Amino acid sequence: MNKKQMERIRTGQGFIAALDQSGGSTPKALQQYGIEPSRYSGDEEMFALVHEMRTRIIKSPAFDAEYILGAILFENTMDRKIDGLFTADYLWEKKGIVPFLKVDKGLAESDGGVQVLKPIPDLDGLLRRAVERNVFGTKMRSVIHEANLQGIRKVVEQQFELGKQIWSAGLIPIIEPEVDINSFDKRESERILKDEIFKQLSALAPDVTVMLKLSIPTEDDFYRDLMDVPHVARVVALSGGYEREEANERLARSHGLIASFSRALAEGLSDQQSDEQFNEMLTRSIRSIYEASIS
């Protein structure tokens, strides 16, 4: 475990950039960036283009440790290089930004008002590769659609079981049980979720550390008490589909949360932009998210 990276995550200011679109969401991410499906054929060409997009973001002067604490990578991105360095090494050595890896394989069908994680084949092998690639931590996303106690408990128990496996492999797990921002009973789902998280945290071995990644809460400062639990290195907010301006506004009202934005971060970026235009747009996005994160 990299102690400098842990200290940065625990105490640093800034937000986490989610650059982890995978197979299913990659075509949409490329289209939003101005690259139509007609410009590539097959997965290899698609992933090469998305790596070029991510490389452009990462190498931009705007993508700076002054504003960004960490970056979440897709497995394919972890295995690719930027200027001769594996992506995680480039992030830390050249940018001072802590690298994370998305390890989940997507969501199961909705059942009991929630979507748990699909099975993750050979997770131990993936975690070993992540350690070899100098990744610091991992993330895995489940979704809660309804305030169903049994469903939410199932989500949280699965997340923490996998989290303990990830910790044992030498990585920091980001526990991510997202509450659907369009849920009619979002506030009640958040209440149940927090209770279940506290139960799981209280049962952890003394040395285990996790991060939490949660939807921006309906009630301001609702997750403040989770930040005081010694097991919790940081509580991160996901935008969950809010437009960047609204997400920033809501985030600023929940003190101590730091942002982890994906679509909101890349909003307005285009393959057709000059480097100057691209960097100006990314600078505006990064600074607006950062300012909301430190409010």
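In what follows, the structure referred to is the one given above.
Reading the values: the criteria
Residues numbered from 1 in each chain as written. Predicted model: local features only at pLDDT ≥ 70, side-chain atom pairs only at ≥ 80, totals over all residues. Heavy atoms only, no water. Core = buried A, V, L, I, M, F, W, Y, C linked by side-chain atoms within 4.5 Å. Buried < 20%, exposed > 50% of the residue type's maximum accessible area, 1.4 Å probe, protein only. Contact = heavy atoms within 4.5 Å. Helix = DSSP H or I, 4+ residues; strand = E, 2+ residues; numbered from the N terminus. Pairing = 2+ DSSP bridges. Polar contact = N/O pair within 3.5 Å; in protein donor to acceptor, adjacent residues only side chain to side chain. Axes fitted to C-alpha atoms, helices over the stretch in contact; angles between N-to-C directions. Parallel < 35°, antiparallel > 145°, perpendicular 65-115°, else oblique. Nonpolar A, V, L, I, M, F, W, Y, C, P; charged D, E, K, R; others polar. Salt bridge = Lys/Arg side-chain N within 4 Å of Asp/Glu carboxyl O. Phe/Tyr/Trp six-rings, centres within 6.5 Å; stacked < 30°, edge-to-face > 60°. Lys NZ or Arg CZ within 6 Å of the ring centre and 35° of its normal. Expected span 1.5 Å × (residues − 1). Left-handed = near helix turned anticlockwise from the far one by under 90°.

A. The arrangement of the nonpolar core in detail. Counting 99 residues, the largest nonpolar core has Phe63 and Leu212 as its most contacted members. Filtering out sequence-adjacent residues up to four positions away, Leu212 remains in contact with Phe160, Ile174, Ile175, Ile197, Leu226, Val232, Arg234, Val235 and Val236.

B. Looking closely at the pairing of strand S1 (residues 15-19). Of all five residues in S1, five are buried; the element is thus mostly enclosed. Sheet topology note: the S1/strand S2 (residues 68-73) ladder contains five bridges and is parallel. Bridge assignment links Ala18 to a residue of S2, and that residue is Ile72. Bridging between S1 and strand S11 (residues 258-261) involves two bridges; their strand directions are parallel. If you follow Ile16 over to S11, its bridge partner there is Ser260.

C. Representation of unusual backbone geometry. You will see that Asp83, though not glycine, has its phi angle at about 50°, which is positive. Non-glycine residue Asn134 carries a positive phi angle of around 65°.

D. Here's a closer look at the environment of Lys139. Inspection of the secondary structure assignment puts Lys139 in strand S7 (residues 137-144). The spacing of Lys139 and Phe100 is 39 residues in sequence and 7.2 Å in space, taken between C-alpha atoms. A polar contact of 3.1 Å, which involves the side chain of Lys139, links it to the side chain of Glu176.

E. Structural view of the packing of helix H3 (residues 42-59) against helix H5 (residues 87-95). Relative to each other, H3 and H5 sit at 10°, their axes nearing to 11 Å. Viewed along their axes, H3 and H5 adopt a mutual orientation that is roughly parallel. For the pair formed by H3 and H5, the contact residues are His51, Ile58 and Lys59 on the first element and Thr87, Tyr90, Leu91 and Lys95 on the second. Each residue belonging to the contact of H3 with H5 can be placed in one class, and the counts come to three nonpolar, two polar and two charged.

F. Just the pattern of salt bridges, in detail. One pass over the full model with this rule turns up 23 salt bridges. With a closest N to O distance of 3.0 Å, Arg80 and Glu44 form a salt bridge. One end of the pair, Arg80, is in the loop between helix H4 (75-78) and strand S3 (81-82); the other, Glu44, is in helix H3, with 36 residues separating them in the sequence. Glu44 gets classed as exposed once you look at its relative accessible area, which sits at 54%.

G. Layout of the packing of aromatic side chains. For the structure shown, the criterion picks out five aromatic pairs. Taken together, a centroid distance of 5.6 Å and an interplanar angle of 35° make the contact between Phe47 and Phe74 tilted. You can see Phe47 sitting in helix H3 and its partner Phe74 sitting in the loop between S2 and H4, a full 27 residues away along the chain. What makes Phe47 buried here is its relative accessible area of 11%. You can call Phe74 buried: its relative accessible area is 14%. Taking the ring centre of Phe86 as reference, the NZ or CZ of Lys81 above it sits at 4.8 Å. Arg133 extends its terminal NZ or CZ atom over the ring of Phe86, reaching a point 4.0 Å from the ring centre.

H. View of the environment of Thr209. Mapping Thr209 onto the fold places it in the loop between helix H8 (186-202) and strand S9 (210-215). Separated by 78 residues in the primary sequence, Thr209 and Arg287 have C-alpha atoms spaced 29 Å apart. If near-sequence neighbours (up to four positions away) are discounted, Thr209 is found in contact with Met6, Arg10, Trp167, Ile172, Pro173, His231 and Ala233.

I. Representation of H3 in the model. Taking 1.5 Å of rise per residue, 18 residues should cover 26 Å, and H3 covers 26 Å from first to last C-alpha, within 8% of that figure. Three or more residues of H3 are buried, namely Met46, Phe47, Leu49, Val50, His51, Met53, Arg54, Thr55, Arg56, Ile57 and Ile58.

J. The arrangement of helix H7 (residues 149-168) in detail. In this model H7 runs 29 Å from its N-terminal to its C-terminal C-alpha over 20 residues, within 8% of the 28 Å that 1.5 Å per residue would give. The set of residues buried in H7 consists of Gly151, Ile152, Val155, Val156, Gln159, Phe160, Leu162, Gly163, Ile166 and Trp167. One side-chain oxygen of the residue at the start of H7 lies 3.1 Å from the amide nitrogen of Gln150, identifying that residue as Asn148. Positive phi appears at Gly170, one or two residues downstream of H7, with a value of about 100°.

K. Expanded view of the packing of helix H6 (residues 123-132) against H7. At a closest axis distance of 10 Å, the pairing of H6 and H7 adopts a crossing angle of 45°. In terms of orientation, H6 lies oblique with respect to H7. Where H6 crosses over H7, the two elements pack in a sense that is right-handed. Together, Leu123, Asp124 and Leu127 of H6 and Leu162, Gln165 and Ile166 of H7 make up the contact between the two elements. Here the residues of the contact of H6 with H7 sort into four nonpolar, one polar and one charged.

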